[in-house]
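# Analysis of the macromolecular model
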Amino acid sequence: MPIIRHAHAMLVDIPVETVRTDAVQSFVKQETIIVDIETDDGTPGRGYSYTIGTGGRAVLSMLHDHLLPAVVGQDVRRPEAVWRHMFSQTRATTVGAVTSLALAAIDTAVWDARCRRNGEPLWRAAGGSQPEVPLYDTEGGWLHIDTEELVANTVAARDGGWHGSKLKVGSTDPRRDVDRLAAVRDAVGLGYSLMVDANQGLGLADARALARALEPSGITWLEEPLPADDVSAHARLVESTTIPIAVGESLYSVGQFKEYLARDAATIVQPDVARVGGITPWLKIAHLAEAFNVPVCPHFLMELHVSLVAAVPNGRIVEYIPQLRAVTATDLRVIGGGTIVPDEPGIGISWDADALENLRVA
Ligand SMILES: [Mg+2]
């Protein structure tokens, strides 16, 4: 029987490869919370979760104190039942970021074991919609990069075959954002996809003004223009601009996405598999969005999201941020700006055991 007999967790700090700054924060380090499980028939499963610099030890404590003891005895063939059982252990702290991140580390481990046991890759086990996924570049568009370099990076990304580039906005002087976008658009031409990301840095009036100013630049989406808990302001912004509004990296549950979708407050959703509590809820969000005819373009964690975007029919594109490179044995295969989704049994990540041990902090 594939019943979980052992469950362990550790914390690994992965340094950032690239300086990453946006309108509200810097990416300090990736606190990576790793959960290992093993079933009594000997099937291993490894899952993970992350923060970009704070709270990693809180997630680890939640796992050690409450979730790891409770997951022993659960059946990896039943991720829904495991997730519900885990959720019921954390009633006092749901919905919340720390709990969702802890649930995700367990849920991804359960999916990994389940897929390994079935000899199936995640993208097929979760739906198997398409085996290849397009990628866009985020690394060339951070806010601290000057305009000349921003233009050069975006031209290089286009010439490298990427399907688009994301540029951060939210400069203290909004004219800087508009001028930068115009310069980039001028250089890459109309056929190349440009996304902009304000990381919740604007108010409604400024977001409307920015959207109006950017409309001539042909923007594929405007991401997180406003604070994530202000659904009604997003609904009003969606109504007032032709630029699609993308939301989701700062939401932590299926219910929060339902609120956005039901109120026409998001044109594109960007669930983050770690922040929403794992693969089990991520798939629900994707299917819910499909019912609203809304595409899914997830946030970060490309190593997992390529398989999930490949699983669902409304999965569109994944952002290329190779943050796991320091602890994985193989890189994502990028061909012509897209990737052929990992096809080996499990969630598709080959970890480097020595590298993990070297960077382990708890
Ligand atoms: Mg973003």
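Just above, that's the structure.
Report on the accompanying structure. (Residues numbered from 1 in each chain as written. Predicted model: local features only at pLDDT ≥ 70, side-chain atom pairs only at ≥ 80, totals over all residues.)

## Thoughts on the environment of A109
Turning to its location among the elements, A109 is positioned in helix α3 (residues 97-118). Measuring from C-alpha to C-alpha, the distance between A109 and I37 comes to 6.7 Å, with 72 residues separating the pair along the chain. Beyond its immediate stretch of four places on either side in the chain, A109 contacts V35, D36, I37, G45, R46 and G47. (Helix = DSSP H or I, 4+ residues; strand = E, 2+ residues; numbered from the N terminus. Contact = placed C-beta atoms within 7 Å.)

## Comments concerning helix α1 (residues 56-71)
At H64, α1 shows its maximal kink, close to 45°. Among the residues of α1, those classed as buried are G56, V59, L60, M62, L63, L67, L68 and V71. Looking at the packing, one finds that the buried side of α1 touches β1 (4-15), β2 (29-39), β3 (44-51), α2 (79-88) and α3. Taken from the residues just after α1, G73 is the one with a positive phi, measuring 100°. (Bend = angle between axes of the 7 residues up to and from the residue. Buried ≥ 20, exposed ≤ 12 C-beta atoms within 10 Å, placed from the backbone.)

## Structural notes on the sheet that holds β2
Taking strand neighbours across the sheet as the criterion, the three strands line up as β1-β2-β3 in an open arrangement whose pairing is antiparallel. Two strands lie at the open edges of the sheet, namely β1 and β3, each paired on one side alone. Across the sheet, the axes of successive neighbouring strands diverge by a mean angle of 20°, strand direction being ignored. Pairing between β2 and β3: eight bridges, direction antiparallel. Note that in β3 the partner of D36 across the bridge is R46. Strands β1, β2 and β3 of the sheet are contacted by α1, whose axis makes an angle of about 170° with β1. Along the sheet, α3 makes contact with β1, β2 and β3, crossing β3 at roughly 150°. (Pairing = 2+ DSSP bridges. Axes fitted to C-alpha atoms, helices over the stretch in contact; angles between N-to-C directions.)

## Notes on the pairing of β2
Counting buried residues along β2, nine of its eleven residues qualify, which places the element largely inside the surrounding structure. Direction of pairing for β1 relative to β2: antiparallel, over a ladder of eleven bridges. If you follow A9 over to β2, its bridge partner there is V35.

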